[in-house]
Amino acid sequence: MSLTIAQQISAINAAVTRAAPFVNSSGSAALASAQAILTTAVAAGAISSANLATLSGYLQSIQSATSDVGDVFLGQARAGVDALVNPSHGVVYDAEAVAAAVGYPNFANIGFFGDSITNDMGGPGAVTVSFKSYGWAIWANALAGWPCNIVVNAGVAGNTTTDMLERIDAYLNSYALGATTIMGGTNDIGGASPATAAEVIANLGAMYEKCKAKSVYVHAFTITPRPTIAAAQQKDLITINEWIKRYWLGSAQGEAVDSFSALVDPTSTTQAARSNMLRDNTHLTNLGAYTVGKLFAPRLSARFGAFARKLVSSVQDYYGNNTQSTNAMRPLMVDGTAGSKAGTATGNINTGWSCTSTLAGNAGAGCIGSIAARSDGYGNDQVLTCASSAAGQTFDLYQAGNLIGSPFAVGDQITMEAQITVDAGFTGLRNISIYTYSASSSGNGPNIFPANVANDVALPGTAELTLTLVSPTITIPAGMTDLGFYVHGEFNNAASAVVRVGRVTFRKQLPAY
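> Where do I start with the side chain of Thr 326 in this structure?
Topologically, Thr 326 is positioned in the loop between α13 (286-304) and β6 (338-343). Here the side chain of Thr 326 touches Arg 507 through a polar contact of 3.1 Å, side chain to side chain.

> Sorry, what's going on with the environment of His 283 here?
On the secondary structure map, His 283 appears in the loop between α12 (259-263) and α13. In this structure, the C-alpha to C-alpha distance between His 283 and Ala 297, residues 14 residues apart in sequence, is 20 Å.

> Is there a simple way to explain α13 in this structure?
Along an α-helix, a turn takes 3.6 residues, which lines up residues three or four apart on a common side. When the local axis directions of α13 are compared, the greatest deviation, roughly 30 degrees, occurs at Leu 295, which is followed within four positions by the proline Pro 298. Here α13 starts with a cap whose side-chain oxygen sits 3.2 Å from the backbone nitrogen of Leu 287, and that cap is Thr 285.

> Would you take a moment to explain the packing of helix α10 (residues 197-213) against helix α11 (residues 231-247) for this structure?
Two numbers describe a pair of packed helices, the interaxial angle and the distance between the axes. Two elements in contact, α10 and α11, have axes whose closest approach is 10 Å; the angle formed by their N-to-C orientations is 25 degrees. The orientation of α10 with respect to α11, classified from their angle, is roughly parallel. Remark: the crossing between α10 and α11 carries right-handed chirality. For the pair α10 and α11, the contacting residues are Ala 197, Val 200, Ile 201, Leu 204, Gly 205, Tyr 208, Glu 209 and Lys 212 in the first and Asp 236, Thr 239, Ile 240, Trp 243, Ile 244 and Tyr 247 in the second.

> Explanation requested: the sheet that holds strand β4 (residues 217-221) in the structure shown.
Sheet strands pair by backbone hydrogen bonding; their relative direction is either parallel or antiparallel. Across the sheet, five strands lie side by side as β2-β1-β3-β4-β5; this open sheet has parallel pairing. The open sheet terminates on both sides in strands that have one partner only, identified here as β2 (149-155) and β5 (254-257). Between one strand and the next, the sheet's axes are offset by a mean angle of 15 degrees, whatever the strand orientation. Of the pairings in the sheet, the one linking β4 to β5 comprises four bridges and is parallel in character. Its bridge partner being in β5, Val 218 is matched across the sheet by Gly 254.

> Any chance you could explain the packing of aromatic side chains here in plain terms?
Aromatic rings in a pair are described by how distant their centres are and how their planes are angled relative to each other. For the structure shown, the criterion picks out 20 aromatic pairs. Between Tyr 247 and Trp 248, the aromatic rings sit 4.8 Å apart at their centres with planes inclined by 70 degrees, giving edge-to-face as the arrangement. When the ring of Tyr 398 is compared with that of Tyr 486, the centres are 4.7 Å apart and the planes differ by 10 degrees; the resulting orientation is stacked. Taken together, the positions of Tyr 398 in strand β11 (residues 394-399) and Tyr 486 in strand β17 (residues 484-491) put the pair 88 residues apart, joining distant regions of the chain. An identical accessibility class is assigned to Tyr 398 and Tyr 486; each is buried. Site record: aromatic cluster; members linked through ring pairs are Tyr 208, Trp 243, Tyr 247 and Trp 248. Arg 279 extends its terminal NZ or CZ atom over the ring of Tyr 134, reaching a point 3.8 Å from the ring centre. The ring of Tyr 378 has Arg 503 sitting right over it, with the charged end atom 3.9 Å from the ring centre.

> Mind showing me how you'd approach the confidence of the model for the protein chain here?
Low-pLDDT stretches of the model should not have their predicted coordinates read in fine detail. For the protein chain, mean pLDDT is 89; residues scoring 70 or higher make up 91% of the total. No element of the protein chain has a lower mean pLDDT than helix α5 (residues 95-101), at 56, and none a higher one than α12, at 98. Low pLDDT (under 50) marks residues 89-93, which in the prediction has eleven contacts with non-local residues, meaning those over four places away or in another chain.

> Any chance you could explain helix α2 (residues 28-44) here in plain terms?
Helix length check: α2, at 17 residues, gives a terminal C-alpha distance of 24 Å against a target of 24 Å (1.5 Å per residue), a fit within 8%. Restricting attention to buried positions, one finds in α2 the residues Ala 30, Leu 31, Ala 34, Ile 37, Leu 38 and Ala 41. In an axial view of α2, the angular spread of the buried residues amounts to 130 degrees, which keeps them on one side of the axis. Among the exposed residues of α2, those oriented more than 90 degrees off its buried face are Ala 29, Thr 39, Thr 40 and Ala 43. Of the surrounding secondary structure, the elements contacted by the buried residues of α2 are α1 (5-19) and α3 (49-63).

> Honestly, the packing of helix α7 (residues 136-143) against α13 in this entry has me stumped. Any pointers?
Across the interface, α7 lies against α13 with an axial gap of 7 Å and an inter-helix angle of 50 degrees. Between α7 and α13, the angle falls in the class oblique. The crossing of α7 and α13 is right-handed. On α13, the residues touching Trp 136, Ala 137, Trp 139, Ala 140, Asn 141 and Leu 143 of α7 are Asn 286, Ala 289, Tyr 290, Val 292, Gly 293, Lys 294, Phe 296, Ala 297 and Leu 300.

> Is there a simple way to think about the nonpolar core in this case?
For soluble globular proteins, nonpolar side chains are generally found buried alongside one another. Ranked by internal contacts, the top residues of the largest apolar core, which has 104 residues, are Trp 136 and Phe 485. Here this core gets eight residues from one element, more than from any other, and that element is α13. If we ignore the near neighbours within four places in the chain, the residues touching Trp 136 are Ile 117, Thr 118, Met 121, Thr 181, Met 183, Phe 221, Leu 284, Ala 289, Val 292 and Gly 293. With 31 residues, the next largest nonpolar core counts Met 164, Leu 177, Ile 201 and Tyr 208 among its residues.

Parameters at a glance
- Residues numbered from 1 in each chain as written.
- Predicted model: local features only at pLDDT ≥ 70, side-chain atom pairs only at ≥ 80, totals over all residues.
- Heavy atoms only, no water.
- Helix = DSSP H or I, 4+ residues; strand = E, 2+ residues; numbered from the N terminus.
- Polar contact = N/O pair within 3.5 Å; in protein donor to acceptor, adjacent residues only side chain to side chain.
- Bend = angle between axes of the 7 residues up to and from the residue.
- Axes fitted to C-alpha atoms, helices over the stretch in contact; angles between N-to-C directions.
- Parallel < 35°, antiparallel > 145°, perpendicular 65-115°, else oblique.
- Left-handed = near helix turned anticlockwise from the far one by under 90°.
- Contact = heavy atoms within 4.5 Å.
- Pairing = 2+ DSSP bridges.
- Phe/Tyr/Trp six-rings, centres within 6.5 Å; stacked < 30°, edge-to-face > 60°.
- Buried < 20%, exposed > 50% of the residue type's maximum accessible area, 1.4 Å probe, protein only.
- Lys NZ or Arg CZ within 6 Å of the ring centre and 35° of its normal.
- pLDDT = per-residue confidence, 0-100.
- Expected span 1.5 Å × (residues − 1).
- Arc of directions from axis to C-beta.
- Core = buried A, V, L, I, M, F, W, Y, C linked by side-chain atoms within 4.5 Å.

Shown next as structure tokens:
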């Protein structure tokens, strides 16, 4: 797809924004000047030849004042400028290709390292393979456009920082990581024989140094609230958290993410969390995980934004229209309105899809389907206007059937992808998820944000919620003859939401070349 002038300017601006955190003080003036030119150009959708030449000079100055990581994004920006000056040279570099060229092929590979609060997120290596709604880093990745490739969840329930230090070498040596989260310490200070703050700090510091020696960027999370521990240990918790923040201040090799401050009730004298953030005074609810994820997401965007998931962009990227495609889904909701409806679902559902609903609001017409053009130009969204009358009412939008053999076969590895937006002003929505279902093989498969009915609470609806959801990898087992793609929503009370689903794929993973 050829980019318009306005789109190329926006791409250049995005690349410079992503490079900004890696520019040192000697390049700050040139960076500010480049950003000023781009702000004007983005607003106008155009840029003069003189400003292009000036911008090119600023980008060259910035590039000499940044790290190799910043070069990944500045390479994109300079290539975009070249594409405007010399259209015959092509368009913006592919970020992953540039990263590999400068020696960062695993730049966006991330692992999770910690205790049960980390294991609770699910994913490869965890007790539960699905990405769970308790997954604070999963929420962050989804909110940021899924820029990170989640390699492993190495959280182990019950681990202290001493346990974590004993296994971190094996963790770092076993996986090709560009970054890792580290969250630990709650079991040290919450156990029967609490460790001292000095012991926890020593263990965390040793782990941080090991990551730095391996050039693995660290997202270091503070210990989350523990209102039931003794006053002395609560003081230690504050001491440890303040040390974590000071350790990473100004570092180019990692950063502190203050999950404690995101969750704690600032008026509590016992470090109690704010309402509905913790489900057992230790582990996060879906709302607590979303809250920490919302804090973490801008950090992922700033560092890995160029690697945001490349979602489907053409109806030709569908096996039914092009047998070379690895995607088995009707991807862009542009096939008509002949989809089927069941339960309280009414209105228009995209051809090839089905919708079933138990939502009983809006005088019984609780789930009204419609098709609407996407603002980014990539086809349509399936829109579901939802109204529930009680807790536990749900909707499912799905495409089921025999996908095995077209294009999938036993042994293939596949992933689901979708972009889901919930309009601002929604209420009572406690779960939005994607999952697989097979009648021929063990029912539900690995998914992202499966409902945890006993603990899930309503998410905040004051702002639009846009999620890029990517499932864990699914390997098709012997005997499976059918496979379905489902989008699921669930409400916490009598409430309402407008849900938009688009750019969906069920994609076979090709081997690396």
